[in-house]
Amino acid sequence: MNPDIINIFFTFACFSIAGWILEVCYRSYPAGRFVNPGLLTGPYLPLYGAGALLLVMDIHFFGRSFIIVKIAGYFLTTTGLELVSALAAHYFFNTSLWDYSDQKFNFKGHICLKYSIYWIMLALGFEYFILPFYRTYALQLPLLVKLIFGGMVISIMTVDFLSLVFHKFLFFPEQEKIIIDKEFMEMAKPVVKLPEVRKLAQYEHHNGKTRLGHVIEVAYLSFCIGKKLSLDCRAIVKAGLLHDLFFYDWLHEGPKLHGFRHPAIALKNAKKITHLTKKEEDIIKKHMWPLTPYPPLYMESFVVSLVDTFCSVKDYMRKQHHH
């Protein structure tokens, strides 16, 4: 893997954890008890990891600029990220990560002048003290150490996030769920009845689960999320059922670097048996992102990719639990 990508993942992981520690101290001391900040359950805050990466970019571009230019850039980056995060949490999860309503010069409780000044001060401290120390010591660790640490933290963080998403987006009232399930079956039936798709039942995929069972699970969970987000559910279901359309036991045979290559194989096989829209092609081709170099072009592709990762990790975690 490209060393620059490894360093990006490692930096994101390190500062996500460091940000969590900072927030725990800041919130727990006044409260007189332990306060776990953020939506996720683990010891990390992706907001700080993303913020650190954005500030590194700012420093690269504004490092030799006048101080007023730096301050303006840091303000836009930190306060902008805070606003986007607050709006996303409110829109997708109907929750507030923080509330500045009692502060002067606030915008809907999401951002305020006082904390924007704090973020600018923290950004300057990051540039002049934290980042030089980090580059001198942490970034000099062996690539393998950084890859393992960053990969583990981001993998756990991803599963944590997906568990939150699925808990939020897969809940439907009983009567609505009956309608949802019927709609899914109507969309899935034309694809599942294809002989090539039914043939997937002959192949074990994850921990005793057949490949057909896996693609149906991915398609169904992605469909449920798609309903919540008002996405193109027909494309999600069709491509979700075809995303692993290959006919070999990938654990014992098939091409080398299977994880990187099988999306293209599945897409080629899918085109032979049905017509695909550009969106459906993108879903199949990008379902292993970020292993595939180009990111998804559509929200539907991103949803299927996340759900596929979640289902795969869940299957192997279940295997470890049984052992």
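Whatever comes next refers back to the structure up there.
Because the structure is predicted, anything quoted here is derived from the model rather than measured. (Residues numbered from 1 in each chain as written. Predicted model: local features only at pLDDT ≥ 70, side-chain atom pairs only at ≥ 80, totals over all residues. Heavy atoms only, no water.)

**Student:** Could you clarify how one ought to interpret the packing of aromatic side chains in this entry?
**Tutor:** Two descriptors summarise a pair of aromatic rings, namely the distance from one centre to the other and the angle between the planes of the rings. Following the criterion strictly, the structure yields 14 aromatic pairs and no others. Ring geometry for F184 and Y220: centres 5.2 Å apart, planes at 80°, overall edge-to-face. Here the residue F184 occupies a position in helix α6 (residues 174–192), and Y220 occupies one in helix α8 (residues 211–228), the gap between them amounting to 36 residues. The buried category is assigned to F184, whose relative accessible area is 5%. On the numbers, 5.6 Å between centres and 50° between planes, the contact of F184 with F223 is tilted. Of this pair, F184 sits in helix α6 while F223 sits in helix α8; the two residues are 39 residues apart in sequence, bridging distant segments of the chain. (Phe/Tyr/Trp six-rings, centres within 6.5 Å; stacked < 30°, edge-to-face > 60°. Helix = DSSP H or I, 4+ residues; strand = E, 2+ residues; numbered from the N terminus. Buried < 20%, exposed > 50% of the residue type's maximum accessible area, 1.4 Å probe, protein only.)

**Student:** When you look at the packing of helix α2 (residues 46–62) against helix α3 (residues 67–93) in this model, what are you seeing that I'm missing?
**Tutor:** When two helices pack together, you describe them by how their axes are tilted relative to each other and by the distance separating the axes. In the contact formed by α2 and α3, the axes pass within 10 Å of each other and the chain directions differ by 155°. Looking at the two axes, α2 sits roughly antiparallel to α3. Where α2 crosses over α3, the handedness of that crossing is right-handed. Listed contacts from α3 to L47, A50, G51, L54, L55, D58, I59 and F62 of α2 are V69, K70, G73, Y74, T77, T78, L81 and S85. In the contact of α2 with α3, the residues fall into nine nonpolar, five polar and two charged. (Axes fitted to C-alpha atoms, helices over the stretch in contact; angles between N-to-C directions. Parallel < 35°, antiparallel > 145°, perpendicular 65-115°, else oblique. Left-handed = near helix turned anticlockwise from the far one by under 90°. Contact = heavy atoms within 4.5 Å. Nonpolar A, V, L, I, M, F, W, Y, C, P; charged D, E, K, R; others polar.)

**Student:** What's the story with a nonpolar patch on the surface in this structure? I'm lost.
**Tutor:** On the surface, L22, F66, I67, I68, V69, L122, Y128, F129 and I130 cluster together to form a nonpolar patch covering roughly 930 Å² of accessible area. Elements represented by at least two residues in the nonpolar patch include exactly α3 and α4 (113–136). Among the elements that line the nonpolar patch, the one with the most residues is α4, at four residues. With respect to the helices and strands, L122 occurs in helix α4. (Patch = residues over 30% accessible without salt bridge, like charges linked within 9 Å, V, L, I, M, F, W, Y side chains within 5 Å. Areas by Shrake-Rupley, 256 points an atom, 1.4 Å probe, with all protein chains shown as cover. Salt bridge = Lys/Arg side-chain N within 4 Å of Asp/Glu carboxyl O.)

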